[in-house]
Number of protein chains: 2
Amino acid sequence: MISEGTFLTSGDLVGLEIKIPIAAMKLQEFQQYLNEKKIGLALFIHPDIIITYFTQLKPSYAYLVITPTTAAFYFTALDKKPALKGLAVRPLSKNWSKAYKRVHKIGINNRSLTVAQLERLKKIWPKATFVDVSLPLEQLRRQKTKEEVEKIQKACQITSTAFAALLRELPRRRLKTELDVVCFLEEQFRQQQAEPSFPTIVAMGRNAAIPHHIPDNTRLTKGFLVVDFGAKFQNYCADMTRTVYVGKPSSSERKLYFLLQQAQEDAIRAVEEGTSFTVLDKVARKRLGRYSSSFIHSLGHGIGLEVHEAPTFSDKKMKVQEQAVFTIEPGIYLPGKLGIRIEDTVVFDGKVKVLTSSPKELICL
Amino acid sequence: MISEGTFLTSGDLVGLEIKIPIAAMKLQEFQQYLNEKKIGLALFIHPDIIITYFTQLKPSYAYLVITPTTAAFYFTALDKKPALKGLAVRPLSKNWSKAYKRVHKIGINNRSLTVAQLERLKKIWPKATFVDVSLPLEQLRRQKTKEEVEKIQKACQITSTAFAALLRELPRRRLKTELDVVCFLEEQFRQQQAEPSFPTIVAMGRNAAIPHHIPDNTRLTKGFLVVDFGAKFQNYCADMTRTVYVGKPSSSERKLYFLLQQAQEDAIRAVEEGTSFTVLDKVARKRLGRYSSSFIHSLGHGIGLEVHEAPTFSDKKMKVQEQAVFTIEPGIYLPGKLGIRIEDTVVFDGKVKVLTSSPKELICL
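Now for a quick tour of the structure. (Residues numbered from 1 in each chain as written. Chains lettered and ligands numbered in written order. Predicted model: local features only at pLDDT ≥ 70, side-chain atom pairs only at ≥ 80, totals over all residues. Heavy atoms only, no water.)

The next point concerns the side chain of A:Asp48. All names here are of chain A. Position of Asp48 among the secondary structure elements: in the loop between strand E2 (41–45) and helix H2 (49–55). Of the side chains with opposite charge, Arg141 comes closest to the buried, unpaired Asp48, at an N-O distance of 6.4 Å. Polar contacts involving the side chain of Asp48 include one to the side chain of Asn109, which spans 3.1 Å. Setting aside anything within four residues of it in sequence, one finds Asp48 in contact with Asn109 and Ser112. (Helix = DSSP H or I, 4+ residues; strand = E, 2+ residues; numbered from the N terminus. Buried < 20%, exposed > 50% of the residue type's maximum accessible area, 1.4 Å probe, protein only. Lys, Arg positive; Asp, Glu negative; His and termini not counted. Salt bridge = Lys/Arg side-chain N within 4 Å of Asp/Glu carboxyl O. Polar contact = N/O pair within 3.5 Å; in protein donor to acceptor, adjacent residues only side chain to side chain. Contact = heavy atoms within 4.5 Å.)

Shown next as structure tokens:
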């Protein structure tokens, strides 16, 4: 594969003013912020998810310049055509790029820009002040647009469809190992023009006691089987976990699963505007009772362009707000014995809606 | 999927002193550098490829601390077991982590550390000086160890085996589109316990005139078919491009391909210790003659843990040195008509060796 473009060398790059199709409203809000803060331009350099946020593209190298009144997107000639697909563009006037140099206050994304990249920017603009704009961007991204929710919803549908296919396939006993299940699910994504949002986790029996178990050739035998996976569709992620039982569960195993299912559903029911995510966590832990100490991770996380993005549940200031998309995923882990987890991706738009629609009753195969 | 750990909060993290299995010699060299520069410790924070370089692991969240005399690796409990696989470890003494606080000069990787991460480090060590250690690390990584070359070689073998399977499959005409070829090759990787190093490029006919074409449902019809792909095996990458012909090429198409093949082989033959990569580029361009202007990208790039790493061919100071691994990949792109490219991954260990062994003669299918 050919290596990427050079750093901010306009000679190698194609610059075009863009009409942004999906995040147009968000772009206006961000430009208003720049205007209020007297920030002459904001600059985002590859790889930065903000570039994908505003352009809906994933070019091999690019940077994005946003001023209070306009936006321009630069990318390499190597992927000129795919970069342009679906974007309304017109060539950038030469004077406009000259105007960059006169700017005194430049917005950067501290959470993505590396120290080395900032040093190079300081050489290009030796007199400018650089200010972090990551927080207002996080706030914009936490409130998904209608189009974003539609894409996440589609990713969740693809995920649920893949899981339904798995439920039909498992009883045939052709999938022998954890890795066989991974391949099967990822093939289901591909058939639906999607890819995995993250490396699929399939964990059989005691393997599932490690929440981030890496699937291997462990054979599918009697016990709980945890499947944690999600499709990425047009850059947007889904995330779902289901736990099924291979064989016939004991009565105590059924009870444990049912307890977890109740905890997960309690937390979902508790979602209301302005509720702190730490409160949702407490709701789940209360139901888990003495198993609360076996729930060794966070209740969930925001999701969108990235499988993990704001809101961060451990931050007490983070509250449920309109158009937030996040996961609810309690689990119980008994080291050396078993692990179980149930996870949904949900959206809050006045009321909570579960986007990952696969059944949560204990399915025995 | 569960979200990652907290930033440098030792409460949530498991800390262990490590005996590094693969890069032990490199670790010693790096520690010697720290010693010479009076750097008390170097700190690498997820995601930083340097963590994988020294530990050969890809944990979901981790940081690595290296002092002139020791090295410790911190990771979350979420993936405790996989993180430990294959590493000789012993618990870290408590006093040792306290000693961190007294350090005055801290090494960081400017090319990976974000501006926000550096700001947090400055709060933990308000009086310390932070110095960039990315250059000595680049120099270490440019010179591959025997074990690294073996892993890259294995990745290249897997790639060539997958290509041989494709050559057997194509005449059956069951693969109808570019995306069918992508799926076929990636399935071949999986069967060999490998994954793709980067998104596979398959480009039919005029699509190949865009070097970074994104494969789609374009049908395989008469013309040049470019396949640019590579396996990743145990974290190490391969990169190979082959161009085949679907149907029967005209005499001018044969000539064009043969010219490119000669240019690629000329550049490989010119590889000698101390040769500048810009000289290799000139060798290829000289052979391409009037088609030189249709070769619109760099001749190649270093490869290892990352599909693109040092040496950067456009840097005039970069020269061929012992144990360097890189690609040689000239191409000819005629917009609206066709594109052809031939690429090998090679190692220099006194003499040049091609690691991607698939045939380069024009194969017509």
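Tracing the sequence through the fold places A:Ser294 in the loop between helix H10 (277–288) and strand E14 (301–302). Here A:Ser294 is in contact with A:Gly331, A:Ile332, A:Tyr333 and A:Leu334, once residues within four sequence places are set aside.

What follows concerns the environment of A:Gln143. All names here are of chain A. Within the fold, Gln143 resides in the loop between helix H6 (134–142) and helix H7 (146–169). Taking relative accessible area as the criterion, Gln143 reaches 34% and is therefore assigned partly exposed. Measuring from C-alpha to C-alpha, the distance between Gln143 and Glu306 comes to 14 Å, with 163 residues separating the pair along the chain. Excluding its chain neighbours within four sequence positions, the residues that come into contact with Gln143 are Lys26, Glu148, Gln321, Glu322 and Gln323.

Another aspect to go through is the packing of aromatic side chains. Residues and elements named next belong to chain A. Under the counting rule described, the total for this entry stands at 22 aromatic pairs over all chains. With centroids separated by 5.0 Å and ring planes inclined at 80°, the aromatic side chains of Phe277 and Phe326 adopt a geometry described as edge-to-face. Of this pair, Phe277 sits in helix H10 while Phe326 sits in strand E16 (residues 324–328); the two residues are 49 residues apart in sequence, bridging distant segments of the chain. The pair Phe277 / Phe326 is uniform in exposure class, with both members buried. An aromatic cluster is built from Phe30, Tyr33, Phe44, Tyr53 and Phe54, whose rings are joined through pairwise contacts. In this structure, Lys154 packs its charged tip against the face of Phe233, placed 5.7 Å from the ring centre. (Phe/Tyr/Trp six-rings, centres within 6.5 Å; stacked < 30°, edge-to-face > 60°. Lys NZ or Arg CZ within 6 Å of the ring centre and 35° of its normal.)

With that out of the way, let us pick up the packing of helix H7 (residues 146–169) of chain B against helix H8 (residues 178–191) of chain B. Residues and elements named next belong to chain B. Put simply, H7 and H8 touch, their axes get as near as 9 Å, and they point 135° apart. What the angle tells us is that H7 and H8 run oblique. Pair H7 / H8 crosses with right-handed handedness. Along its contact with H7, which presents Ile158, Thr159, Ala162, Ala165, Leu166 and Glu169, the element H8 presents Val181, Phe184, Leu185, Gln188 and Phe189. Among the residues forming the contact of H7 with H8, the class breakdown is 8 nonpolar, 2 polar and 1 charged. (Axes fitted to C-alpha atoms, helices over the stretch in contact; angles between N-to-C directions. Parallel < 35°, antiparallel > 145°, perpendicular 65-115°, else oblique. Left-handed = near helix turned anticlockwise from the far one by under 90°. Nonpolar A, V, L, I, M, F, W, Y, C, P; charged D, E, K, R; others polar.)

Taking 1.5 Å per residue, 19 residues should reach 27 Å; helix H9 (residues 251–269) of chain A reaches 27 Å between its end C-alpha atoms and fits that length. Buried residues of H9(A): A:Glu253, A:Leu256, A:Tyr257, A:Leu259, A:Leu260, A:Gln261, A:Ala263, A:Gln264, A:Asp266, A:Ala267 and A:Ile268, and no others. (Expected span 1.5 Å × (residues − 1).)

Turning our attention to the sheet that holds strand E12 (residues 236–237) of chain A. Residues and elements named next belong to chain A. One open sheet holds the 3 strands; their spatial order is E8-E11-E12, and the pairing between them is antiparallel. On the outer flanks of this sheet lie strand E8 (195–196) and E12, each paired with one strand and no other. When strand E11 (residues 231–233) meets E12, the two strands line up antiparallel, connected through 2 bridges. Opposite Lys232, over in E12, you have Cys237 as the bridge partner. Contacts from H7 reach E11 and E12, with the element oriented near 140° to E11. (Pairing = 2+ DSSP bridges.)

What follows concerns the sheet that holds strand E8 (residues 195–196) of chain B. All names here are of chain B. The strand order E8-E11-E12 describes an open sheet built from 3 strands, whose pairing is antiparallel. Looking along the sheet, the strands with just one partner apiece sit at the ends: E8 and strand E12 (236–237). Relative to strand E11 (residues 231–233), H7 is tilted by about 140°, and along the sheet it contacts E11 and E12.

To continue, consider unusual backbone geometry. Backbone phi values are negative for most residues with the exception of glycine, while trans is the configuration of most peptide bonds. Residue and element names in this part refer to chain A. A cis amide bond links His46 with the next residue in sequence, Pro47, at an omega value of -10°. Mapped onto the secondary structure, Pro47 falls in the loop between E2 and H2. For Gln193, which is not glycine, the phi dihedral falls at a positive 55°. Note that Gln193 resides in the loop between helix H8 (178–191) and E8. On the basis of relative accessible area, Gln193 is assigned to the exposed category, the value being 62%. Even without being a glycine, Gln234 presents a positive backbone phi close to 45°. Look at Gln234 and you get partly exposed, because its relative accessible area is 45%.

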